[in-house]
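Residue-level structure breakdown
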Amino acid sequence: MRIRATAAVAVVCGVAAMTGAAIPAAQAAGTPGGTRPWQLAGHNTPATGKSAFTAAAATAKTPYPLAVTFSDVKVAGGKSAVTVGTSAIVHVPYSFTLTATNVDISASDFVVGLDLYHGSVAAPSADLYGDRPATCSVTSSMSSSEKVVTVETCKGTVDIYPKYDLANSDAGTSWHSVAWAVAYNGQNPDKPSDISKIGAASLTGQRSPAVQRLSRLTVNAAPEPVKKGRTLTITGSLTRANWESHKYAGYTGQKVKLQFRKKGSSTYTTLKTLTTDGHGNLRTTYKATTDGYWRYSFAGTSTTPAISAAGDYVDVK
């Protein structure tokens, strides 16, 4: 599991001793093979019932199950995908409802958050998380002689850093969200003296938007202006973010539509469909008959969002 250079997690007795430079210790990410806070819980996924812990970790001292449940988990406002370029940090909002029973949610070391993980619960290939824990506000509290039940609404952002967080193979739909809570109960998150005094809970396998490689599409129609009946040459390029080189690279072998919008109209008409070459480039010709706008349009794939180039206006004399 890849992680940012600003943080490290060492696995101790099958759970994590956390250290972080630019982010709070409780939020620090794991080194490859390390553990995120949500993995501290011996959680079971609704679909498989399998724990995220390895067999070796199962025999070691582990945190106790925290009496916290999660519901109404929402990520990115219900959007089906988030797009990530080569450098700009992407902030993905989330929210969920947390219900705690006999848990001191006001403690300074009670930490709540949400991660996006790629692949399986047991061995995620990537984990995306926030620079800060979620912020929660109490919506109701019920007390009795036996228990105190508190309900909170929690909000935060997953902050995606293309330089550290993603590989090209992570693009697509194999993402899930996990809401989590950890109560350190006075234990040092960097080096707990007794792991079993830490409480942890998580809800894995929740819906997540796809994470896609940001696309770019250009067009140029020439010559400009052009005489009526003469041939226009329309060139362009379809590229997308490469999360490993941190540059935009040609998206090869993709179907792209050549479209035209007559001056005074608001509708584009598809004239033909082309396929990008080995460098993502496009080139075709078409007879000029009237003033208007030329563009290329790409429908998108599971890993790359749809995009249409801004129309290039050509004056026909």
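Per chain, the residues get numbers from 1 upward, laid out in the order the sequence is written. Given that this is a predicted model, residues contribute local features only at a pLDDT of at least 70 and side-chain atom pairs are listed and counted only at 80 or more, while totals for whole chains, interfaces and linings are drawn from all residues. Values shown for side chains rest on all heavy atoms present in the structure; no hydrogens or waters enter the calculation.

A few words on the sheet that holds strand S11 (residues 175-183). For two strands to count as paired, DSSP must find a minimum of two bridges between them. Numbering of helices and strands starts at the N terminus; helices are DSSP runs of H or I of at least 4 residues and strands are runs of E of at least 2. Here 5 strands make up an open sheet; going across it, the order is S3-S12-S11-S7-S8 and the pairing mixed. The open sheet has two edge strands, strand S3 (64-65) and strand S8 (124-128), and neither has a second partner. Where S11 meets strand S12 (residues 199-206), 6 bridges bridge the pair, whose relative direction is antiparallel. In the strand pairing of S12, alanine 181 is matched with alanine 201.

Salt-bridge detection follows one rule: a side-chain nitrogen of Lys or Arg within 4 Å of a carboxyl oxygen of Asp or Glu. For the coordinates displayed, the defined rule picks out 5 salt bridges. Across the pair aspartate 127 and arginine 36 runs a salt bridge, and its minimum N-O distance is 3.3 Å. With aspartate 127 in strand S8 and arginine 36 in the loop between strand S2 (15-20) and helix H1 (55-58), this pair connects stretches of sequence that are 91 residues apart. Here's how the labels work: a residue is buried when its accessible area is under 20% of the maximum for its type, exposed when over 50%, partly exposed in between, all with a 1.4 Å probe on protein chains only. Among the residues examined, aspartate 127 registers a relative accessible area of 2% and is labelled buried. Here aspartate 315 ties to lysine 317 by a salt bridge, and the two come within 3.0 Å at their closest N and O atoms. Residue class for lysine 317 comes out exposed when judged on its relative accessible area of 62%. Ionic contacts of the salt-bridge type, sharing partners, join the residues Arg36, Asp115 and Asp127 into one network.

Whenever a pair of cysteine sulfur atoms sits within 2.5 Å, that pair is classed as a disulfide. Using the criterion set out here, one finds 1 disulfide in the structure. A sulfur-sulfur separation of 2.1 Å characterises the disulfide bridge that pairs cysteine 136 with cysteine 154. Note on the cysteine 136 and cysteine 154 pair: the S-S dihedral is about 110 degrees, so by sign convention the disulfide is right-handed. Note that cysteine 136 is positioned in strand S9 (residues 135-143) and cysteine 154 in strand S10 (residues 148-160), a separation of 18 residues in sequence. Take cysteine 154: its relative accessible area is 0%, and that puts it in the buried class.

Attention now goes to the confidence of the model for the protein. pLDDT expresses, on a scale from 0 to 100, how confident the predictor is about each individual residue. For the protein, mean pLDDT is 86; residues scoring 70 or higher make up 83% of the total. Here, two residues are considered to be in contact whenever any of their heavy atoms come within 4.5 Å of each other. For residues 43-59, every residue scores under 50 in pLDDT, and the model assigns this stretch 25 contacts once sequence neighbours within four places are set aside.

Strand order in the open sheet made by the 4 strands is S4-S6-S10-S9, with antiparallel pairing throughout. Each end of this open sheet is capped by a strand with a single partner; those strands are strand S4 (68-75) and S9. Averaged over all pairs of adjacent strands, the angle between strand axes in this sheet comes to 20 degrees, irrespective of strand direction. In terms of strand pairing, S4 meets strand S6 (residues 90-101) through 6 bridges, oriented antiparallel. Residue pairing for S6: valine 75 is matched across the bridge by tyrosine 94. Between N-to-C directions, angles span 0 to 180 degrees; the directions come from axes that are lines fitted to C-alpha atoms, helices contributing only their stretch in contact.

What follows concerns the nonpolar core. If you look at soluble globular proteins, the nonpolar side chains tend to sit buried side by side. Throughout this description, the term nonpolar core refers to a set of buried Ala, Val, Leu, Ile, Met, Phe, Trp, Tyr and Cys residues connected via side-chain atoms within 4.5 Å. Formed by 36 residues in total, the largest nonpolar core has its most connected members in Val68, Phe96, Leu98, Phe110 and Leu114. Looking at this core, the elements that each hand over two or more residues are S4, strand S5 (81-84), S6, strand S7 (110-119), S8, S10 and S11. Among the nonpolar cores identified, the runner-up in size contains 20 residues, and Ala221, Leu274, Val314 and Val316 belong to it.

On to the pairing of strand S13 (residues 210-213). Burial of the side chains of S13 extends over both faces: Ala210 and Gln212 are buried on one face and Val211 and Arg213 on the other. Relative to S13, S5 runs parallel, the two sharing 4 bridges. Bridge pairing in S13 places valine 82 opposite valine 211.

Right, let's get into unusual backbone geometry. Alanine 222 connects to proline 223 through a cis peptide bond whose omega is 5 degrees. Note that proline 223 resides in the loop between strand S14 (215-222) and strand S15 (231-242). Residues other than glycine seldom take positive phi values, yet alanine 76 does so here, at roughly 60 degrees. Relative to the assigned elements, alanine 76 resides in the loop between S4 and S5. Unlike most non-glycine residues, histidine 246 shows phi in positive territory, near 60 degrees. Structurally, histidine 246 can be placed in the loop between S15 and strand S16 (247-250). Classification of histidine 246 by relative accessible area gives partly exposed; the value is 29%.

The next subject is the packing of aromatic side chains. Aromatic pairing here means that ring centres of Phe, Tyr or Trp (its six-membered ring) are within 6.5 Å. Orientation follows from the plane angle: under 30 degrees is stacked, over 60 is edge-to-face, and everything else is tilted. Counted under the stated rule, the structure contains 7 aromatic pairs. On the basis of an interplanar angle of 75 degrees and a centroid distance of 5.7 Å, the ring pair of phenylalanine 70 and phenylalanine 96 is categorised as edge-to-face. Of this pair, phenylalanine 70 sits in strand S4 while phenylalanine 96 is found in strand S6, placing the two residues 26 residues apart along the sequence. Grouped by ring-pair contacts, the aromatic residues Phe70, Tyr94 and Phe96 constitute a single cluster.

On the secondary structure map, aspartate 159 appears in strand S10. Polar contact criterion, stated in full: a pair of N or O atoms within 3.5 Å, where within protein one must be able to donate a hydrogen and the other to accept it, and residues adjacent in sequence count only if both atoms are side-chain atoms. Among the polar contacts made by the side chain of aspartate 159, one reaches the main-chain amide nitrogen of aspartate 131 at a distance of 2.7 Å. Engagement of the side chain of aspartate 159 in a polar contact is seen with the side chain of threonine 157, the distance being 2.9 Å.

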